[in-house]
Amino acid sequence: MRRIVLRRLAQIIPLILGVIVLNFALIHLAPGSLFDVMTSEQQVTDPAMLDQLRHTYGVDQPVTVQLFKYIWSVMHLDLGYSYRQNAPVLDVIMQQLPATVILMLAAMAIALLVGLTAGVVASVKVNTIWDNLISLGAVFFFAAPSFWIGIMMTVLFSVKLGWFPVGGMRKIGTDYGALRDALDVMYHLVLPATALGLFYAATYARVMRASMLEVFRLDFVRTARAKGLSGGRVILAHVMRNALLPIVTLLGLQLGTMLGGSVVIEAVFSWPGIGSLLFDSVMSRNYPMVLGVLVLGSLLVAVSNATVDLVYLRLDPRIRAR
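As the structure is a prediction and not an experimental result, all values here were calculated from the model. (Residues numbered from 1 in each chain as written. Predicted model: local features only at pLDDT ≥ 70, side-chain atom pairs only at ≥ 80, totals over all residues. Heavy atoms only, no water.)

Positive phi values are uncommon outside glycine, yet Leu 77 reaches one of about 60°. Take Leu 77: it is sitting in the loop between α4 (63-75) and β1 (81-82). In this structure, Asn 127 takes a positive phi of about 60° despite not being glycine. One can find Asn 127 in the loop between α5 (89-124) and α6 (129-143). For Asn 127, a relative accessible area of 67% corresponds to the exposed category. (Helix = DSSP H or I, 4+ residues; strand = E, 2+ residues; numbered from the N terminus. Buried < 20%, exposed > 50% of the residue type's maximum accessible area, 1.4 Å probe, protein only.)

Here you go:
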């Protein structure tokens, strides 16, 4: 097991290095810079001042020199300096990261709860009205864009019914104490987490249904039924555990797409997380911040996938034997 863990961690290093080089090259190929934005917004118009700023931030050096300096600084856990926030990139990201982590965990919990339940019901009630309704719902939420679902939920539950707030993470200017603050965050979290999680719930429902139907046909399930086990025990103890393996694989792969999806959802619901920060940084050409978010995002996805591999080994010991 230790050898597998070390091998997975060793694979992350060249991956992160490739992400840095690729994104650094793409960002420098993109037109415009922060100084162009500052000039257009009339913040700085003096050419001498602009040259001084370029020299201060090191953007007047050759691209290869900037790249090697950036890789060296990343190796020392320094993701650069944000011109717009006037603060280190890592500090700004750490301030915004908890909100995104809360949103992603809540969306993932909703996706797993709804998707697995729907997949199990559809497989047990296969070729019935329940199966058809769940399949229809899964196709709808998989095809509908998350931002559209978020806007429709805002119109229905916030504007028409007034059940939930339109946006934000908590009420402004209130201090309820730790417990009520947590409940207030959860109250504001319902709509964005649901809008983000329904897309992944649709995927899990379809995969879980297909996986359950495949496991139902295996010999050990017939043996379990022949031994006189109840239907519920056969499903929960024998079928579901083996059917979960594709879901675990999907879970690791979809963390990256969920981080990307949170960019749109955070913009729709004014959620103060990494997505909003990335969107603002792209629009303002704050490239050190964009690069820092991409590097941390790729690190998060790589570590998550390595963790999923280890969980996979735990769920299916046959993989370790191979």
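Overall, the coordinates contain 2 salt bridges when judged by the stated rule. The salt bridge involving Asp 131 is made with Arg 209; its shortest N-O contact spans 2.8 Å. Pair noted here: Asp 131 is in helix α6 and Arg 209 is in helix α8 (residues 178-216), with a separation of 78 residues, a long-range link. The two residues Asp 131 and Arg 209 agree in class, both being buried. Where Arg 222 meets Asp 219, a salt bridge forms, and the shortest distance between an N and an O atom there is 2.3 Å. With a gap of 3 residues between them, Arg 222 and Asp 219 both fall in helix α9 (residues 219-226), about one helical turn apart. (Salt bridge = Lys/Arg side-chain N within 4 Å of Asp/Glu carboxyl O.)

UniProt records the feature "transmembrane region" (unreviewed entry) for residues 12-30, 99-121, 133-159, 185-207, 243-269 and 289-313 in the present numbering. Secondary structure content for residues 133-159 is 93% helix and 0% strand, while the C-alpha to C-alpha distance between its ends is 28 Å. Within residues 185-207, the helical portion is 100% and the strand portion 0%, while the C-alpha atoms at the span's ends are 32 Å from each other. (UniProt positions renumbered as here; feature names shortened; annotations may be inferred.)

Let's shift gears to a nonpolar patch on the surface. Residues Phe 140, Phe 147, Trp 148, Ile 151, Met 152, Val 155, Val 159, Val 166 and Val 264 make up a contiguous nonpolar surface patch of about 770 Å² in total accessible area. Looking at the nonpolar patch element by element, the count peaks at 6 residues for helix α7 (residues 146-160). Within the secondary structure, Val 166 is located in the loop between α7 and α8. (Patch = residues over 30% accessible without salt bridge, like charges linked within 9 Å, V, L, I, M, F, W, Y side chains within 5 Å. Areas by Shrake-Rupley, 256 points an atom, 1.4 Å probe, with all protein chains shown as cover.)

Attention now moves to the environment of Gly 228. Within the secondary structure, Gly 228 sits in the loop between α9 and α10 (231-243). The exposure class assigned to Gly 228 is exposed, which follows from its relative accessible area of 59%. Note: C-alpha distance between Gly 228 and Phe 279 (51 residues apart in sequence) is 57 Å.

Look at helix α1 (residues 2-29) against α4: their axes get within 11 Å of each other, and the N-to-C directions meet at 140°. Relative to α4, the element α1 is oriented oblique. The way α1 lies across α4 gives a crossing that is right-handed. On the side of α1, the interface is formed by Leu 17, Ile 20, Val 21, Phe 24 and His 28, while α4 contributes Val 63, Gln 66, Leu 67, Tyr 70, Ile 71 and Val 74. Grouping the constituent residues of the contact of α1 with α4 by class yields 9 nonpolar, 2 polar and no charged. (Axes fitted to C-alpha atoms, helices over the stretch in contact; angles between N-to-C directions. Parallel < 35°, antiparallel > 145°, perpendicular 65-115°, else oblique. Left-handed = near helix turned anticlockwise from the far one by under 90°. Contact = heavy atoms within 4.5 Å. Nonpolar A, V, L, I, M, F, W, Y, C, P; charged D, E, K, R; others polar.)

Within the structure shown, the criterion is met by 8 aromatic pairs. For the pair Phe 142 and Phe 199, a centre-to-centre distance of 5.1 Å together with 15° between the ring planes defines the contact as stacked. With a gap of 57 residues between them, Phe 142 in helix α6 and Phe 199 in helix α8 connect regions that are remote in the sequence. Consider the rings of Phe 164 and Tyr 187, whose centres lie 5.7 Å apart with planes at 40°: the pair is tilted. With Phe 164 in the loop between α7 and α8 and Tyr 187 in helix α8, this pair connects stretches of sequence that are 23 residues apart. An aromatic cluster of three or more residues is present, and its members are Phe 157, Trp 163, Phe 164 and Tyr 187. (Phe/Tyr/Trp six-rings, centres within 6.5 Å; stacked < 30°, edge-to-face > 60°.)

Within the largest apolar cluster, 43 residues are counted, with the highest numbers of intra-cluster contacts made by Met 208 and Met 212. Counting only elements with at least two residues in this core, the list comes to α5, α7, α8, α9, α10 and α11 (245-268). Looking at this core, the element that brings in the most residues is α8, giving 15 residues. Beyond its immediate stretch of four places on either side in the chain, Met 208 contacts Leu 116, Gly 119, Val 120, Met 240, Ala 243, Leu 244 and Ile 247. Counting residues in hydrophobic clusters, the runner-up holds 25 residues, among them Val 92, Val 263, Met 289 and Val 290. (Core = buried A, V, L, I, M, F, W, Y, C linked by side-chain atoms within 4.5 Å.)

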